[in-house]
Amino acid sequence: MHVNRLSRARNKATMAVAVSALLGGALSVAAPASAAPKAPDAPAADCSDAYKIEQTVDGGTTWRMCWHYNTLSGLILDKISYQPKGEAKPIPVLTSARLAQVHVPYDDGEAEYDDVTGTDFGQALQDLSPGECPGGTIKTVKVPHRGNVKGLCTTTRARGHAYRLNDDASTGGTGKVYTGQGKDLLVYTVNKASWYEYITEWRFSSDGTITSNVGATGSLSPYDYDGGDSRGWPIGKGDQAKAESHAHNVFWRLNFGLDGSPKAKVEQYDSKVTPPAGQGSPTTKTTRTKVTKELAGDRKDMRWWRVVSGAGKNKDGHPRSYEIVPGPSNKHAGRPFTKHDVYFTQYKKCEQYASNNIGCPTGTPSSVDKWVNGQTMTHPITWVHIGFHHIARDEDQQPMPVHWQGFSLAARDVTAMSPLTPQDLANQNGQPPMGG
């Protein structure tokens with residue numbers, strides 16, 4: 001769903017020239033008109049107002065971050081911190097967070113794209129109208145060779161219940177119903193890659209959760225209506241126009257800086273359920289594996305990972321961490337780098353894109369799977385991969401409804417209690433109510 005097959009080779013060559021030109025600078029990072037370029041993963045300085053995003057949401061939680069714009073991958077968020085009510089100062093969470101690739105192989109094997117580093121993804125930042133950023137602010141981004149684009153929206157959006165508790169007096173509670181509605185900070189851009197338009201969205205919630213989604217919309221390419229019976233789906237009258245099926249393999253790159261230090265630890269948890277021997281109940285045992293060396297990880301029932309602070313603890317004395325919560329995914333087995341769900345690698349400045357990586361010395365492996373080679377991790381980088389197999393349908397035209405894929409980072413022991421705990425219940429830390 002990109003371009004006419006006859007012109008694909010020419011477009012790739014054009015992009016190669018463009019990338020070569022971009023690499024002549026500091027990987028050509030774009031930003032507001034008054035801002036100086038930054039290296040692609042350099043920690044943001046105390047950013048000026050043009051770069052700064054700060055928002056207080058429900059419960060008194062404040063999120064702060066800086067941003068800059070990369071002419072390949074688009075929006076990059078820097079120095080993300082989280083300050084819930086009751087914390088004297090912001091808690092650093094991520095040094096940087098960014099989209100690291102959108103890999104799009106077609107089912108017929110005739111076309112395969114790396115939309116972030118192989119098309120004009122970053123250059124094709126789209127202007128947003130006020131109606132596309134309801135209640136928010138649209139920031140202007142200076143994109144090299146294009147000029148100013150009103151392309152970065154920051155706003156807030158209700159998410160429904162943040163919590164609810166009927167603290168029943170008959171069981172020893174207060175007799176009150178505690179409930180609250182949540183509101184998220186949203187930060188997003190829209191980038192065009194040929195027929196597709198990608199919405200790159202980041203959400204920051206009052207309970208410390210960070211969620212990133214990529215939404216694909218735009219148009220089905222009229223040049224790919226020739227899919228065979230096993231590779232396409234009829235979308236016009238009768239059986240003539242069969243849109244070619246394909247995959248969207250989306251990767252994110254996360255550089256954690258919990259409590260201001262890159263020296264985090266990675267842990268994997270697996271739970272095993274044992275059926276009862278007789279009339280009893282099943283038992284479940286959870287084991288922890290410390291991930292000290294680089295890892296290509298696969299999702300499994302009752303398996304999860306967390307990144308643990310090496311520099312700070314909450315008020316209960318527990319190390320702060322963030323749990324990786326992947327969304328629904330179709331894993332694509334066509335390339336080695338798409339065969340795994342998460343990767344943890346030792347930090348290397350030039351390793352920026354999960355495939356078709358740009359910027360490393362000649363001869364360096366160009367995909368994330370090849371960077372996992374047993375090295376001990378002292379500064380882990382987290383890569384999250386979420387796949388979607390797009391078999392078109394009649395409803396995909398025209399324009400195509402947005403289909404989303406993404407993941408969340410859930411705060412785990414970042415604070416001693418929920419940052420949204422009502423004052424009446426603040427004395428129940430480690431003390432369950434009498435009626436339980």
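Calculation criteria
Each chain has its residues counted from 1, running along the sequence as written. Local features in this predicted model are restricted to residues whose pLDDT is 70 or higher, and side-chain atom pairs enter the listing and the counts only when it is 80 or higher, whereas totals over whole chains, interfaces and linings include all residues. Just so you know, side-chain values use all the structure's heavy atoms and leave hydrogens and water out. Only DSSP runs of H or I covering at least 4 residues are called helices, and only runs of E covering at least 2 are called strands; the numbering of each starts at the N terminus. With a 1.4 Å probe rolled over the protein chains alone, any residue whose accessible area is under 20% of its type maximum counts as buried; one over 50% counts as exposed, and the rest are partly exposed. The Shrake-Rupley method, run with a 1.4 Å probe, gives the accessible areas here. Residue values count only the displayed protein chains as cover. Scored from 0 to 100, pLDDT records how confident the predictor is in each individual residue. Only heavy atoms enter the contact rule, under which two residues are in contact if any of them lie within 4.5 Å. One side-chain nitrogen of Lys or Arg within 4 Å of one carboxyl oxygen of Asp or Glu is enough to make a salt bridge. Strands pair, by our definition, only if DSSP identifies at least two bridges between them. The rule is simple: put a 1 Å grid over the protein atoms alone, call a set of points where a 1.4 Å probe fits but cannot get out a cavity, call an open set with protein on both sides within 12 Å along at least five of seven lines a pocket, and count a residue as lining if it has an atom within 4 Å of a point. Grid points are joined across faces, edges and corners, and a volume is the space filled by probe spheres set on the points. Put simply, Ala, Val, Leu, Ile, Met, Phe, Trp, Tyr, Cys and Pro go in the nonpolar bin, Asp, Glu, Lys and Arg in the charged bin, and everything else, Gly too, in the polar bin. Remark: nonpolar core denotes a set of buried residues (Ala, Val, Leu, Ile, Met, Phe, Trp, Tyr, Cys) joined through side-chain atoms within 4.5 Å. Here a pair means two rings of Phe, Tyr or Trp (six-membered ring of Trp) with centres within 6.5 Å. Their orientation is stacked below 30 degrees between planes, edge-to-face above 60, and tilted elsewhere. By convention in this document, the label disulfide applies to cysteine sulfur atom pairs within 2.5 Å. Interaxial angles span 0 to 180 degrees and are taken between N-to-C directions of axes, which are lines fitted to C-alpha atoms, for helices over the stretch in contact.

Undergrad: Whenever I open this one, the overall build of the protein confuses me. Can you help?
TA: Secondary structure assignment for the protein yields three helices and 22 strands. Within the protein, the fraction of its 436 residues that count as buried is 50%. As displayed, the protein has an accessible area near 19700 Å², and 51% of this comes from carbon and sulfur atoms.

Undergrad: Please clarify how the confidence of the model for the protein should be interpreted in this entry.
TA: Should the pLDDT be low somewhere, the predicted coordinates at that spot are not to be read in detail. This prediction gives the protein a mean pLDDT of 88; 89% of its residues lie at or above 70. This model gives residues 1–44 a pLDDT under 50, and the stretch forms 111 contacts once residues within four places in sequence are excluded.

Undergrad: Would you mind showing me how to read the pattern of salt bridges here?
TA: Side chains carrying opposite charge are able to pair once their charged atoms draw close together. Summed over the entire model, instances satisfying the criterion amount to 22 salt bridges. Across the salt bridge formed by arginine 306 and aspartate 413, the nearest N and O atoms sit 4.0 Å from each other. Of this pair, arginine 306 sits in strand 18 (residues 303–313) while aspartate 413 sits in the segment after strand 22 (400–412), placing them 107 residues apart in sequence. Assessed through its relative accessible area of 9%, arginine 306 is described here as buried. Here lysine 331 and aspartate 341 are joined by a salt bridge, their closest N and O atoms 3.1 Å apart. Placement of lysine 331 in the loop between strand 19 (319–326) and strand 20 (342–346) and of aspartate 341 in the loop between strand 19 and strand 20 is noted, with a sequence separation of 10 residues between them. Given a relative accessible area of 38%, lysine 331 falls into the partly exposed group. A network of salt bridges, in which partner residues are shared, links Asp58, Arg159, Asp184, Glu201 and Arg203.

Undergrad: Looking at this model, I keep getting lost on the pairing of strand 10 (residues 196–204). Mind explaining?
TA: Remark: a regular strand shows side chains that alternate across the two faces of the sheet. The element strand 10 is largely enclosed, with a buried count of eight among its nine residues. As paired strands, strand 9 (residues 177–193) and strand 10 are joined by nine bridges and run antiparallel to one another. Directly across from asparagine 191, in strand 10, lies its bridge partner tyrosine 198. Joining the antiparallel neighbours strand 9 and strand 10 is a turn of two residues, in which serine 194 adopts a positive phi near 60 degrees. Sheet topology places strand 10 next to strand 11 (residues 210–218); nine bridges connect them, and they run antiparallel. Across the sheet, glutamate 197 pairs through a bridge with threonine 217, a residue of strand 11.

Undergrad: Even after reading the chapter, I still don't get the layout of surface pockets, so can you show me in this structure?
TA: Summary: where empty space remains is shown by rolling a probe the size of a single water molecule over the atoms. Of the volumes computed, that of the second largest pocket is approximately 300 Å³. Taken together, 14 residues form the lining of the second largest pocket, with Lys85, Gly86, Met417, Ser418 and Pro419 sitting closest to its centre. Here the lining of the second largest pocket is built from residues that sort into six nonpolar, five polar and three charged.

Undergrad: Explain the nonpolar core to me, please; I cannot follow it from the model alone.
TA: Soluble globular proteins tend to bury their nonpolar side chains together. In this structure, Trp63 and Phe204 are the most contacted members of the largest nonpolar core, which totals 66 residues. Take this core: its biggest share by element is seven residues, from strand 5 (residues 91–105).

Undergrad: Sorry if this is basic, but what is going on with the packing of aromatic side chains here?
TA: One pair of aromatic rings is described through two measures. These are the centre distance and the angle between the planes. Scanning all chains against the criterion turns up 10 aromatic pairs. For the ring pair tryptophan 63 and tyrosine 82, a centre distance of 4.9 Å and an interplane angle of 25 degrees mean the geometry is stacked. Taken together, the residues tryptophan 63 in strand 3 (residues 62–70) and tyrosine 82 in strand 4 (residues 74–83) connect sequence positions 19 residues apart. A single burial state applies to tryptophan 63 and to tyrosine 82, both of which are buried.

Undergrad: Even after reading the chapter, I still don't get the state of the cysteines, so can you show me in this structure?
TA: Two cysteines joined by a covalent bond between their sulfur atoms form a disulfide. Applying the stated criterion across every chain yields a total of three disulfides. Residue cysteine 47 pairs covalently with cysteine 66 via a disulfide, S to S 2.1 Å. Across the S-S bond linking cysteine 47 and cysteine 66, the dihedral sits near -80 degrees, which makes this disulfide left-handed. Of this pair, cysteine 47 sits in the loop between strand 1 (29–30) and strand 2 (52–56) while cysteine 66 sits in strand 3; the two residues are 19 residues apart in sequence, bridging distant segments of the chain. Each member of the pair, cysteine 47 as well as cysteine 66, is classed as buried. Between cysteine 133 and cysteine 153 runs a disulfide, and the two sulfur atoms are separated by 2.0 Å. Residues cysteine 133 and cysteine 153 are joined through a disulfide that is right-handed, its torsion about the S-S bond being 85 degrees. Of this pair, cysteine 133 sits in the loop between helix 2 (115–118) and strand 7 (137–143) while cysteine 153 sits in strand 8 (residues 147–166), and the two are 20 residues apart along the sequence. In terms of burial, cysteine 133 and cysteine 153 fall into one category: buried. For the protein, the disulfide bridges join cysteines in the arrangement 1-2, 3-4, 5-6, where the cysteines are counted in sequence order.

Undergrad: Explain the pairing of strand 3 here, please?
TA: By the criterion of burial, strand 3 is predominantly enclosed, with eight of the nine residues buried. Note that strand 2 and strand 3 share five bridges and pair antiparallel. Counterpart to isoleucine 53 in the pairing with strand 3 is methionine 65. Following strand 2, the chain reverses through five residues before pairing antiparallel with strand 3; glycine 59 in that reversal takes a positive phi of roughly 80 degrees. With eight bridges connecting them, strand 3 and strand 4 associate as antiparallel partners.

Undergrad: I would appreciate a short explanation of unusual backbone geometry in the present structure.
TA: Generally, phi is negative for residues other than glycine and the peptide bonds are trans, each holding for most cases. Between glutamine 397 and glutamine 398 the backbone carries a cis peptide bond, its omega angle lying at 0 degrees. Relative to the assigned elements, glutamine 398 resides in the loop between strand 21 (380–390) and strand 22. For asparagine 356, which is not glycine, the phi dihedral falls at a positive 50 degrees. With respect to the helices and strands, asparagine 356 occurs in the loop between strand 20 and helix 3 (368–371). Residue asparagine 356 is classed as partly exposed on the basis of its relative accessible area of 33%.

Undergrad: Can you help me understand the sheet that holds strand 15 (residues 265–274) in this one?
TA: The strands making up a sheet are joined through hydrogen bonds of the backbone, oriented either antiparallel or parallel. Taken in spatial order, the 10 strands line up as 7-8-9-10-11-22-19-18-15-16 in an open sheet, and their pairing is antiparallel. Among the strands making up the open sheet, the edge pair consists of strand 7 and strand 16 (283–291). Taking the axes of each pair of neighbouring strands and ignoring which way they run, one obtains an average angle of 25 degrees across the sheet. In the sheet, strand 19 pairs with strand 22 via six bridges, with the strands oriented antiparallel.

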